[in-house]
Amino acid sequence: MGARVVTGPWEDGLREECGVFGLSYPGRPAAPLVYLGLVALQHRGQESAGIATADAEGLHVHKGMGLASQVFGERLEALPGSVGIGHVRYSTMGSAVLANAQPVVVPSPWGLLAVVHNGNLTNAPQLRAELVSQGLSFYGSSDTEVLAHCVATAPAGDPVDGVRYAMERIEGAYTAVVLVQGTLYAFRDAFAIRPLVLGQLDGGWVVASETCALDQVGARFVRDVEPGELVVVRGGELSCHQVLPSPRRAHCVFEYIYFARPDTVLVGRTVHRVRRAMGRVLAVEQPAEADLVVPVPDSGTSAALGFAEQSGIPFELALVKNRYVGRTFIEPDPHRREGRVQLKLNPIRELVAGRRVVLVDDSIVRGTTSGKIVRLLREAGARQVHMRISSPPIRWPCFYGVDTSSRRQLVAAELDVEAIRQRIGADSLGYLSQEGLVQAIGLAREDLCMACLDGRYPTGSPDEQHAGRTALEVTL
Ligand code: SF4
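Residues numbered from 1 in each chain as written. Predicted model: local features only at pLDDT ≥ 70, side-chain atom pairs only at ≥ 80, totals over all residues. Heavy atoms only, no water.

Over the atoms rolls a probe the size of a water molecule, and in doing so it shows where empty space is left. Estimated volume of the second largest pocket: approximately 160 Å³. Lining the second largest pocket are 13 residues, with Ile-170, Glu-171, Ala-190, Phe-191 and Leu-244 positioned closest to its centre. Taken together, the residues of the lining of the second largest pocket break down into eight nonpolar, two polar and three charged. (1 Å grid on protein atoms, 1.4 Å probe; cavity = no way out; pocket = protein on both sides within 12 Å on 5 of 7 lines; lining within 4 Å. Points joined across faces, edges and corners; volume = space filled by probe spheres on them. Nonpolar A, V, L, I, M, F, W, Y, C, P; charged D, E, K, R; others polar.)

Written as structure tokens, this is what we have:
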């Protein structure tokens, strides 16, 4: 009695969106390497995982809820064929249910068509209504199913025409891989908001959300897929098509701040090095008188290293993370104020007692977790806690595949920095500036999406009410 099961997101950080992977590996089984690729991309989504492969018999699909290791186990042998696509999901449009797990499979003029997708289609509700009016039925409520049907309902031609037709109609952020007739079609929106890279492996080709997945399967990085580009892989042959003109690039800055793995290289920049540079700039912009720099593990670690290097204040791993706390767990006492955060993080008292701590994290979204961590440090005896954030305040929702589709979810949309400081109970609070962020990334500001920081959306401002994760469920 008194215990309760807690499920779903229980931290208030940003959620990763999804990870995609595709492999054409002539003469060898694709599924084991697609699986390894998904394990490398697991940080991008833990709600569901799936793989589709193709051989002479047709398409083979397995997907389920949970981590890739939980979903597949012995099942890889049931996925024959030398070409495959895979997906790990966190839901940003469509609920976290099996019906929305990917790959999504739909009938097409060329046979069964499977698709995996990372991003968010801002015009999915309108496209879905059109497709429904044409007599199509939908199985789930994800925008990926809309994307699949857009390809499959192209008026005429071959799959290249089908993908072209879809790319000309869909809006928003997408990196996607289609598998049909044993051929891979990988494509990216005209702004290149979400990452997609191309690699080579023993006469085969790989596409993946991040380079860490290429490393995992032993592939050599070749290049980023270009904005608006479609890459077609048939056996060991590659052909490239520039389908959409690119008005500008708009790479998501939160891939650098938080989403991507530190060992990934995004647009030529290793994520760990960029985060370290963010910490160094933060130390210049928001200095603090303190005795030690402590990261919130693991999201704040690289930036905290940079802060410590620049400031000369010693770096300490004074918060220990329990890596075995899942998304579902039993909370023994529902009245424990700090229960969930305390279960995941524990301060090393000997390091913090009587000391002035700079606490470094990558972002504050709703603000509740930051306040709890500050309290944990104080209860462990910290004399002062100075919170430093290696991103600027998030004031605007994201419509491109991150689960902040309303300003109501964002503490910095409502409160200024001093009010947030009071809410989280820190002695001081400092954010990285937008200019400092651009400097640390090292790309031109015009090549970055910073819409959740400055309200300037690269694709125009989509209607807020249609952008949430359940936007398509009202039309079911
Ligand atoms: S709005 Fe923010 S989180 Fe969304 S794509 Fe742009 S920079 Fe990334």
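This paragraph deals with the environment of Asp-143. With respect to the element layout, Asp-143 can be found in helix α4 (residues 143–152). Residue class for Asp-143 comes out buried when judged on its relative accessible area of 4%. Note: C-alpha distance between Asp-143 and Asn-123 (20 residues apart in sequence) is 9.0 Å. (Helix = DSSP H or I, 4+ residues; strand = E, 2+ residues; numbered from the N terminus. Buried < 20%, exposed > 50% of the residue type's maximum accessible area, 1.4 Å probe, protein only.)

Let us look at the packing of aromatic side chains. Scanning the model with the defined rule gives six aromatic pairs in all. Geometrically, the ring pair formed by Tyr-174 and Phe-187 is edge-to-face, given 6.1 Å between the ring centres and 65° between the ring planes. Note that Tyr-174 is positioned in strand β8 (residues 172–180) and Phe-187 in strand β9 (residues 183–188), a separation of 13 residues in sequence. Across the pair, Phe-187 and Tyr-174 agree in class, each one buried. Between Phe-254 and Phe-259, the ring centres sit 6.3 Å apart and the planes meet at 50°, which makes this aromatic pair tilted. A single burial state applies to Phe-254 and to Phe-259, both of which are buried. Taking NZ or CZ as reference, Arg-28 lies 4.4 Å from the ring centre of Tyr-25, over its face. Positioned above the aromatic ring of Phe-138 is the side chain of Arg-128, whose terminal nitrogen or guanidinium carbon lies 4.3 Å from the ring centre. (Phe/Tyr/Trp six-rings, centres within 6.5 Å; stacked < 30°, edge-to-face > 60°. Lys NZ or Arg CZ within 6 Å of the ring centre and 35° of its normal.)

Of all the positions in helix α5 (residues 159–169), only Pro-159, Val-160, Gly-162, Val-163, Ala-166, Met-167 and Arg-169 are classed as buried. Here the buried face of α5 lies against α3 (124–133), α4, β8, β9, β13 (229–234) and β14 (237–242). Backbone nitrogen of Val-160 and a side-chain oxygen of the N-cap are separated by 3.1 Å at the start of α5; the cap is Asp-158. (Contact = heavy atoms within 4.5 Å. Polar contact = N/O pair within 3.5 Å; in protein donor to acceptor, adjacent residues only side chain to side chain.)

Before going further, it helps to spend a moment on the sheet that holds strand β18 (residues 292–295). Sheet strands pair via backbone hydrogen bonds, and the direction of the pair is either parallel or antiparallel. Strand order in the open sheet formed by four strands is β18-β22-β23-β24, and the pairing between neighbours is parallel. Of all strands in the sheet, those with a lone pairing partner are β18 and β24 (428–431), marking the two edges. Averaged over all neighbouring strand pairs, the angle between strand axes comes to 25°, with direction disregarded. Judged from the four bridges that link them, strand β23 (residues 384–389) and β24 form a sheet pairing that is parallel. Across the sheet, residue Met-387 finds its bridge partner in β24, namely Leu-429. Where helix α9 (residues 301–311) meets the sheet, it contacts β18, β22 (356–361) and β23, and its direction lies at approximately 165° from that of β18. (Pairing = 2+ DSSP bridges. Axes fitted to C-alpha atoms, helices over the stretch in contact; angles between N-to-C directions.)

This part covers the packing of α4 against α5. Two elements in contact, α4 and α5, have axes separated by 7 Å at closest approach and are oriented at 130°. Accordingly, the angle class assigned to the pair α4 and α5 is oblique. Every pair of crossing elements has a handedness; the one defined by α4 and α5 is right-handed. Along its contact with α4, which presents Leu-147, Cys-150 and Val-151, the element α5 presents Gly-162, Val-163, Tyr-165, Ala-166 and Arg-169. Looking at the contact of α4 with α5 residue by residue, the classes come out as six nonpolar, one polar and one charged. (Parallel < 35°, antiparallel > 145°, perpendicular 65-115°, else oblique. Left-handed = near helix turned anticlockwise from the far one by under 90°.)

On the surface, Val-61, Val-105 and Leu-112 cluster together into a nonpolar patch covering about 220 Å² of accessible area. Relative to the elements of secondary structure, Leu-112 occurs in the loop between β6 (104–106) and β7 (113–121). (Patch = residues over 30% accessible without salt bridge, like charges linked within 9 Å, V, L, I, M, F, W, Y side chains within 5 Å. Areas by Shrake-Rupley, 256 points an atom, 1.4 Å probe, with all protein chains shown as cover. Salt bridge = Lys/Arg side-chain N within 4 Å of Asp/Glu carboxyl O.)

The environment of the ligand is made up of Ile-193, Arg-194, Cys-252, Val-253, Phe-254, Cys-398, Tyr-400, Val-402, Cys-449, Ala-451 and Cys-452. Those elements that provide at least two residues to the shell around the ligand are α7 (253–259) and α16 (451–454). For the shell around the ligand, a count of residues per class yields ten nonpolar, no polar and one charged. (Near = heavy atom within 4 Å.)

Bear in mind that shape data such as this cannot, by itself, settle questions of function.
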